Amino acid sequence: MEKLSPGKAVYVVDTTLRDGEQTAGVAFGKDEKLAIARLLDTVGVDQIEVGTPAMGGEEAEAVSMIAAAGLKASIMAWCRATVGDIAAAAACGVDAVEISSPVSDLHLRHKLRLSRATVLVNTITAVAYARKHGLYISVGMEDASRADEEFLLEYIRAVTAAGARRVRYCDTVGILDPLTMAVRIERLRRETGVEIEVHAHNDFGMATANTVAAYQAGACFLGVTANGLGERAGNAALEEVLMFLRHSGDGAGYNLAGVQMLCQYVAAASGRIIPAWKPVVGQAIFHHESGIHADGVLKNPSLYEPYNPADVGLERRIVIGKHSGRAALLHKCRELGLPMNEELLAFAAVGIKRGVLKVKRSLTDDEIRDIIGTVSRV
Ligand SMILES: [Zn+2]
């Protein structure tokens, strides 16, 4: 039975458990996979691509466990364009399949050594088989961004005529820029009318921007992973795309407050730490140090914060460091209950700068207490 609600303006499709897990050196246990799927469901993603049943063993068990967990999201399995892969997916009880095949001549010649015509026939056969099992079908077009566009149009028309509900446009090696992505998606939408998922890789740091550009050009399925985990430089980050949707007014129905827990769990399970400056979930993105910024935020946070830190489970902190100014220092002293006046302030600022240069980081509250204590006694 299909689980995707029809007629939505946007669908978020998470592939942390498939593409994210394909990151070199990352492997999730089946309990970890189930826990991540539950957290994704809490965030409200529409579809979760959970793995590749044809791998068998624990991978197929994890897919079955997630499909039976009673989640709200549609559960999708990744398949090559073969009857065997789709039979393995159907046996796991998923409601949706991604039937993936390369579409660029580069991949067809050097990887599959198959002609365009053969690949098209294989995909159509696989789609027809999946249809008999009542599965929701997406056809993944690997390396679409380097494929011949006339062939893509022919391919999209043929696979949707066979029963595919949407196609996944993969920028497999992350080479597109947002303007080019928008032009490509707009043309495919205009000429075929088919629903498109964008699946963008981050090799040039463009994955989120390309996903947003594709959405604005008419792709209503947005492929993402938590923390942007994925092959090489990763995929578009779930948390960034959700924040964009909220900011643009299209994010109703997604629970941003849940992304902190999800992203922390995925970081721990994958062994890939979240950089402190990572958009949306980095622990230091609401830390303010430099004089003008700290002073501004203390007067009105919206001067230097695009949204409330609490919205994503983070906290605002005024950090005392090399660039701290008067306002931050006074604020910190008040917070710590330390005596401070105009006379002491200049001495304290010198002591703080000296202390910071010695330890090469911002100061802890205890270090600040020591410095202010020394200055006060002089
Ligand atoms: Zn990918």
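Here the structure is shown first, and the text comes after it.
Residues numbered from 1 in each chain as written. Predicted model: local features only at pLDDT ≥ 70, side-chain atom pairs only at ≥ 80, totals over all residues. Heavy atoms only, no water.

1. Concerning the overall build of the chain
Next, step 1: Looking only at helices and strands, the chain has 15 helices and 10 strands in total.
Next, step 2: Seen along its three principal axes, the alpha-carbon backbone of the chain occupies a region of about 85 × 40 × 40 Å.
Next, step 3: In the chain, which comprises 378 residues, the proportion classed as buried is 52%.
Next, step 4: Of the contacts made within the chain by residues no fewer than 6 positions apart, 70% connect residues no fewer than 24 positions apart. (Helix = DSSP H or I, 4+ residues; strand = E, 2+ residues; numbered from the N terminus. Buried < 20%, exposed > 50% of the residue type's maximum accessible area, 1.4 Å probe, protein only. Contact = heavy atoms within 4.5 Å.)

2. So, the pairing of strand S7 (residues 195-200)
Next, step 1: By the criterion of burial, S7 is predominantly enclosed, with 5 of the 6 residues buried.
Next, step 2: Regarding topology, helix H8 (residues 178-192) serves as the crossover connection from strand S6 (residues 166-171) to the parallel S7, and that connection is right-handed.
Next, step 3: The sheet contact formed by S7 and strand S8 (residues 221-224) spans 2 bridges and is parallel. Looking at S8, one finds that Val198 is bridged to Leu222.
Next, step 4: Handedness of the crossover is the feature at issue here: the chain leaves S7, passes through helix H9 (residues 207-216), returns alongside S8, and the resulting connection is right-handed. (Right-handed = clockwise from strand over helix to strand, strands pointing away. Pairing = 2+ DSSP bridges.)

3. Points about the coordination of the zinc ion
Next, step 1: Only Asp19 (OD), His199 (NE2) and His201 (NE2) from the protein coordinate the zinc ion, and they sit 1.9 to 2.1 Å from it.
Next, step 2: Relative accessible area serves as the criterion here: at 2%, Asp19 is assigned to the buried category.
Next, step 3: Looking at His199, the relative accessible area reads 3%, which means it is buried. (Donors = N, O, S within 2.8 Å, 3.2 Å for Na, K, Ca; no water.)

4. Quick word on the environment of Leu222
Next, step 1: Residue position: Leu222 is located in strand S8.
Next, step 2: Leu222 gets classed as buried once you look at its relative accessible area, which sits at 1%.
Next, step 3: Once the C-alpha coordinates of Leu222 and Ile320 are considered, the two residues, 98 residues apart in sequence, prove to be 40 Å apart.
Next, step 4: Not counting residues within four places of it along the chain, the set of residues in contact with Leu222 comprises Val10, Tyr11, Val12, Val13, Val198, Thr211, Tyr215, Val241 and Leu245.

5. Structural notes on helix H2 (residues 30-43)
Next, step 1: In this model, H2 (14 residues) spans 20 Å end to end at C-alpha, consistent with the 20 Å of a helix rising 1.5 Å per residue.
Next, step 2: Those residues of H2 that sit buried are Lys33, Leu34, Ile36, Ala37, Leu39, Leu40, Asp41 and Val43.
Next, step 3: Where H2 is buried, its residues touch strand S1 (11-14), helix H1 (16-20), strand S2 (47-51), helix H3 (57-67), helix H10 (238-247) and helix H11 (259-270).
Next, step 4: Where H2 terminates, the next one or two residues include Gly44, which has phi positive at roughly 95°. (Expected span 1.5 Å × (residues − 1).)

6. Considering the environment of Ser302
Next, step 1: Structurally, Ser302 can be placed in the loop between helix H12 (291-299) and strand S10 (317-318).
Next, step 2: Remark: the alpha-carbon pair of Ser302 and Ile36, spanning 266 residues in sequence, is separated by 33 Å.
Next, step 3: Polar contacts involving the side chain of Ser302 include one to the side chain of Asn300, which spans 2.9 Å. (Polar contact = N/O pair within 3.5 Å; in protein donor to acceptor, adjacent residues only side chain to side chain.)

7. Looking at the state of the cysteines
Next, step 1: Within this structure, the stated rule accounts for 0 disulfides.
Next, step 2: Here Cys220 stays free of any disulfide, with the sulfur of Cys170 as its closest cysteine sulfur at 16 Å.
Next, step 3: When its relative accessible area of 12% is taken as the criterion, Cys220 is described as buried. (Disulfide = S-S within 2.5 Å.)

8. Considerations on the environment of Gly7
Next, step 1: If you trace the backbone, Gly7 turns up in the segment before S1.
Next, step 2: Of the residues examined, Gly7 reaches a relative accessible area of 77% and is grouped as exposed.
Next, step 3: In this structure, the C-alpha to C-alpha distance between Gly7 and Gly70, residues 63 residues apart in sequence, is 22 Å.

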